[in-house]
Amino acid sequence: MSEPEAEKPLDFIRTRIQEDQQAGKNDGKVHTRFPPEPNGYLHLGHAKSICLNFGIAQEFGGLCNLRLDDTNPVAEKTEYAEAIQDDLRWLGFDWEDRFFHASDYFDQLHSWAVQLIKAGKAFVCDLSFEEMKAHRGNLIEPGKNSPFRERMVEENLELFEQMRLGEFPDGTKTLRAKIDMSSPNLNLRDPVIYRIIHQEHPKTGDKWKIYPSYDFAHGQSDSLEGITHSLCTLEFEHHRPLYDWLCQNLGIHHPQQIEFARLNLNYTVMSKRKMLRLVEEGRVNGWDDPRMPTLQGMRRRGYTSKSIRDFCEKVGVAKRENVIEVELLEHCLRHDLNLCSPRRLGVLDPLKVTISNYPEDKSETVDAVNNPEDPDAGTRPVPFSKQLYVDRNDFMEDPPKKYFRMSPGREVRLKYAYYVTCTEVVKDEEGNITELICEYDPESRGGGTADGRRVKGTIQWVDASTAQPCEVRLYDRLFNKPDPEKVEDGGDFTDNLNPDSLEIIHHALVEPSVTEISIGQAFQLERVGYFCLDSDKAEDGKKVLNRTVAMRDSWAKINK
RNA sequence: AGCCUGGUGGUGUAAUGGUAGCACAGAGGUUUUUGGUACCUUCAGUCGGGGUUCGAAUCCCUGCCGGGCUGCCA
């Protein structure tokens, strides 16, 4: 890392922030925030926003706040609030003492509403949902003024106070900003800024019967926290004029809202609403199902936070709609895992091997390298004896041309152990292969011989008497279409669910040292993939291994 | 339909009036006690049409295409 930082090209947001900073705007300070609503679990899309906001703060010598946008007590739960903090910490970000809630500002927000009323810029409206909708006009036609738009300030003040006191039922009155019912931007057609909701709030209890809308809370919260750059996704672009209007008309610090395109990943859905459906309909086993793109699911699957951060950096930031290929995510994952995962031996589909010329009562251990990428990781002893198991797909009785694994008469290397040659194939009455009889070369201990003879194939194995049985869960993409939304008329995204996204292997065998691995710890089963120990136990009490991601497999590709 | 916004290889993202680059994916190869990793080579792009300019992905005009907007959700 002594390289002089090659200046990386900046995305449009960083370019703009850099310009602001160099121009001395906000006294050169940069302050961002990550503002999730606590109404669901964080997912990969949020990770992009998190990395952006915290990353930028770090790069520009600024700070990033965590703020829960809890303006709607109907949808929000403390359970989510806690999970959000947990995920954020896991991802590797620290907001120190800057943990806020939009609800911290309810008093201030309320007095700003009063200020607007006094200035004749807000009014209490008695229109029902339907009436308001009818008055709003539509995309091409302007709206009509509410009949309550010209209420006197005193009356508005009194009515708003009664709303606050809970004297009206939900939905009967709203406080609206008085802007322009003919604006081509529907958000400026006298938007509702306070609504009546008789609902306890997780933070403020029963103090409030009225709650500010997103538009009336978000920008002002940013303002109160001294946010300089308020980064959000594209769908808020039309809200920016309102954001600006409020800051101006309230005469408060005015952060700059900048919108960017949200993250999309192919073969998956990235919306809370759709994920909720998957969970509620039992298409997955909860929010932390390892197939889910939630941070909790990915974490359980074995994704490292580093790989996710790396991914978020690599996808970049721009304003155009994008769909990232999952291969990039998997690349980042494997790249990190390759560097840090200890290697172990295991077979998913055990096929018995007996070494005919190996002494009956002998057993020994061979030294296996823990991580070829990290010499400091050292080696470990792995038991070896006459009875072994190899993976069934590492043997072919009648192999194609470029197959270098085991087949009758072909010498292969049992990794870290010996060269063996299959001399006999044992079958049952139905012709299924039940056992391989092999001969080994005692001179090849450790996996090499003095004569330097070339042995192309190397396969993994486990010692029969010491191997640990376990359950292995193999995951595949949740959807079998790159764009799960692409469906026949009348269908929906669940039609594209991949029926084979979870495959359970009940009788896998792994070398004994795997039992020392703790829950969540990543390791590699050589030639098979990266795994981690799940918190679940199998029905029969065995340990459960999640396959995080398979190894890249160029042999499988050749065969396609 | 109106308004807003965007369009660079298969995917994502740079280049902001001066050699279209990087990453992933694909193809080929070298190394290898993981058909892994690493490394090398290679394929492939400025939405169309006009204009301005010595020179345009970049500026102008126009067309086409994508996305967003008609919650008292965020």
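Our subject in this report is the structure included herewith. Nothing here was measured: the structure is a model prediction, and the numbers come from that model. (Residues numbered from 1 in each chain as written. Chains lettered and ligands numbered in written order. Predicted model: local features only at pLDDT ≥ 70, side-chain atom pairs only at ≥ 80, totals over all residues. Heavy atoms only, no water.)

## Structural notes on the overall build of chain A
Alright, step 1. Broken down by element type, chain A carries 13 helices and 25 strands.
Alright, step 2. At 31 Å, chain A has a C-alpha radius of gyration far larger than the 24 Å of a compact globule built from 560 residues.
Alright, step 3. The principal-axis extents of the C-alpha atoms in chain A amount to approximately 100 × 55 × 40 Å.
Alright, step 4. Of all 560 residues assigned to chain A, the portion counted as buried reaches 52%.
Alright, step 5. Contacts in chain A between residues at least 24 apart in sequence constitute 70% of all its contacts with a sequence separation of at least 6.
Alright, step 6. Counting every atom, chain A has about 26700 Å² of accessible surface; 48% of that belongs to carbon and sulfur.
Alright, step 7. Positive and negative side-chain charges of chain A, numbering 74 and 95 respectively, have mean locations separated by a distance of 3 Å. (Helix = DSSP H or I, 4+ residues; strand = E, 2+ residues; numbered from the N terminus. Rg over C-alpha atoms; globule rule 2.2 N^0.38 Å. Buried < 20%, exposed > 50% of the residue type's maximum accessible area, 1.4 Å probe, protein only. Contact = heavy atoms within 4.5 Å. Areas by Shrake-Rupley, 256 points an atom, 1.4 Å probe, with all protein chains shown as cover. Lys, Arg positive; Asp, Glu negative; His and termini not counted. Charge placed at Lys NZ, Arg CZ, Asp CG, Glu CD.)

## Regarding the pairing of strand β1 (residues 31–34)
Alright, step 1. The two faces of β1 match: H31 and R33 on one face and T32 and F34 on the other face are all buried.
Alright, step 2. With helix α2 (residues 44–59) bridging β1 and its parallel neighbour strand β2 (residues 63–68), the resulting β-α-β unit is right-handed. (Right-handed = clockwise from strand over helix to strand, strands pointing away.)

## Things to note about the side chain of D391
Alright, step 1. By the element assignment, D391 lies in strand β15 (residues 387–391).
Alright, step 2. For D391, the side chain forms a polar contact with the main-chain nitrogen of D349, separated by 3.4 Å. (Polar contact = N/O pair within 3.5 Å; in protein donor to acceptor, adjacent residues only side chain to side chain.)

## Some words on helix α8 (residues 240–250)
Alright, step 1. Turning to α8, its buried residues are L242, Y243, W245, L246, C247 and L250.
Alright, step 2. Packing partners of the buried residues in α8 comprise α4 (106–118), β5 (174–177), α7 (214–224), β8 (229–233) and β9 (256–260).
Alright, step 3. In the segment just after α8, G251 is the residue with positive phi, at about 65°.

## Considering the packing of aromatic side chains
Think of a pair of aromatic rings as described by two things: how far the centres are apart, and how the planes are tilted against each other in angle.
Alright, step 1. This model, assessed by the stated rule, comprises 16 aromatic pairs.
Alright, step 2. Between F384 and Y418, the ring centres sit 5.2 Å apart and the planes meet at 55°, which makes this aromatic pair tilted. Within this pair, whereas F384 is found in strand β14 (residues 379–385), its partner Y418 is found in the loop between β16 (411–414) and β17 (419–427), the two being separated by 34 residues in sequence. The burial state of F384 is the same as that of Y418; both residues are buried.
Alright, step 3. An aromatic cluster is built from Y358, F384, Y418, Y440 and W461, whose rings are joined through pairwise contacts.
Alright, step 4. Across from the ring centre of F168, 4.3 Å away, lies the NZ or CZ of K173, which sits over that ring.
Alright, step 5. Looking at K456, its charged tip hangs above the ring of F404, at a distance of 5.1 Å from the centre. (Phe/Tyr/Trp six-rings, centres within 6.5 Å; stacked < 30°, edge-to-face > 60°. Lys NZ or Arg CZ within 6 Å of the ring centre and 35° of its normal.)

## Re the pattern of salt bridges
Alright, step 1. Per the stated rule, a full pass over the model turns up 42 salt bridges.
Alright, step 2. Here E471 ties to R473 by a salt bridge, and the two come within 2.9 Å at their closest N and O atoms.
Alright, step 3. The structure contains a network of salt bridges with shared partners spanning D288, R300, E471, R473, D534 and D536. (Salt bridge = Lys/Arg side-chain N within 4 Å of Asp/Glu carboxyl O.)

## Here's the deal with unusual backbone geometry
Alright, step 1. Notably, D190 is not glycine yet its phi reads approximately 45°, a positive angle.
Alright, step 2. Note on placement: D190 falls in the loop between β5 and β6 (192–196).
Alright, step 3. A positive phi angle is found at Y416, which is not glycine, with a value near 70°.
Alright, step 4. Position of Y416 relative to the elements: it lies in the loop between β16 and β17.
Alright, step 5. By relative accessible area, which is 11% here, Y416 ends up buried.

## Details of the protein's contact with RNA strand B
Alright, step 1. The local shell around RNA strand B holds 66 residues, among which R136, R343, G446, Q524 and R527 are the closest.
Alright, step 2. The backbone of G171 places a nitrogen or oxygen atom 2.8 Å from a base nitrogen of RNA strand B.
Alright, step 3. Within the side chain of R552, an N or O atom sits 3.4 Å from a phosphate oxygen of RNA strand B.
Alright, step 4. Breaking the surface near RNA strand B down by element, the ones donating at least two residues are α5 (129–136), β6, α11 (305–315), α12 (326–340) and α13 (554–559).
Alright, step 5. Among the elements that line the surface near RNA strand B, the one with the most residues is α12, at 5 residues. (Near = heavy atom within 4 Å.)

## Here we look at empty space enclosed by the protein
Alright, step 1. Following the criterion strictly, the structure yields 2 cavities of 30 Å³ or more and no others.
Alright, step 2. The volume enclosed by the largest cavity comes to roughly 40 Å³.
Alright, step 3. Elements supplying a minimum of two residues to the lining of the largest cavity: α7 and α8.
Alright, step 4. Top element by residues in the lining of the largest cavity is α7. It accounts for 4 residues.
Alright, step 5. Broken down by class, the residue content of the lining of the largest cavity amounts to 4 nonpolar, 4 polar and 1 charged.
Alright, step 6. Of the volumes computed, that of the second largest cavity is approximately 40 Å³.
Alright, step 7. Around the second largest cavity, the lining residues are L345, V382, P383, W461, V462, D463, T466, A467, E511 and P512.
Alright, step 8. If you list the elements that add at least two residues to the lining of the second largest cavity, you get β14 and β20 (461–463).
Alright, step 9. It is β20 that contributes the most residues to the lining of the second largest cavity, 3 residues altogether.
Alright, step 10. In the lining of the second largest cavity, the residues fall into 7 nonpolar, 1 polar and 2 charged. (1 Å grid on protein atoms, 1.4 Å probe; cavity = no way out; pocket = protein on both sides within 12 Å on 5 of 7 lines; lining within 4 Å. Points joined across faces, edges and corners; volume = space filled by probe spheres on them. Nonpolar A, V, L, I, M, F, W, Y, C, P; charged D, E, K, R; others polar.)

## Let's talk about α2
Alright, step 1. Here α2 is 16 residues long and its end C-alpha atoms lie 22 Å apart, about the 22 Å a rise of 1.5 Å per residue gives.
Alright, step 2. Most of α2 sits inside the fold, with 14 of its 16 residues counted as buried.
Alright, step 3. Of the residues one or two after α2, G61 is the one with positive phi, at around 70°. (Expected span 1.5 Å × (residues − 1).)

## As for the sheet that holds β20
Alright, step 1. The mixed open sheet is built from 7 strands, whose spatial order is β19-β16-β17-β18-β12-β15-β20. Strands at the two margins of the open sheet, each flanked by one partner only, are β19 (458–459) and β20. (Pairing = 2+ DSSP bridges.)

## Quick look at the environment of K427
Alright, step 1. Mapped onto the elements of the fold, K427 is located in strand β17.
Alright, step 2. Once residues lying within four places of it in the same chain are set aside, the contact partners of K427 are E397, N432, I433 and T434.
Alright, step 3. Within the local environment of K427, its side chain forms a polar contact with the side chain of E397, the two groups lying 3.0 Å apart.

In short, geometric facts, not functional conclusions.
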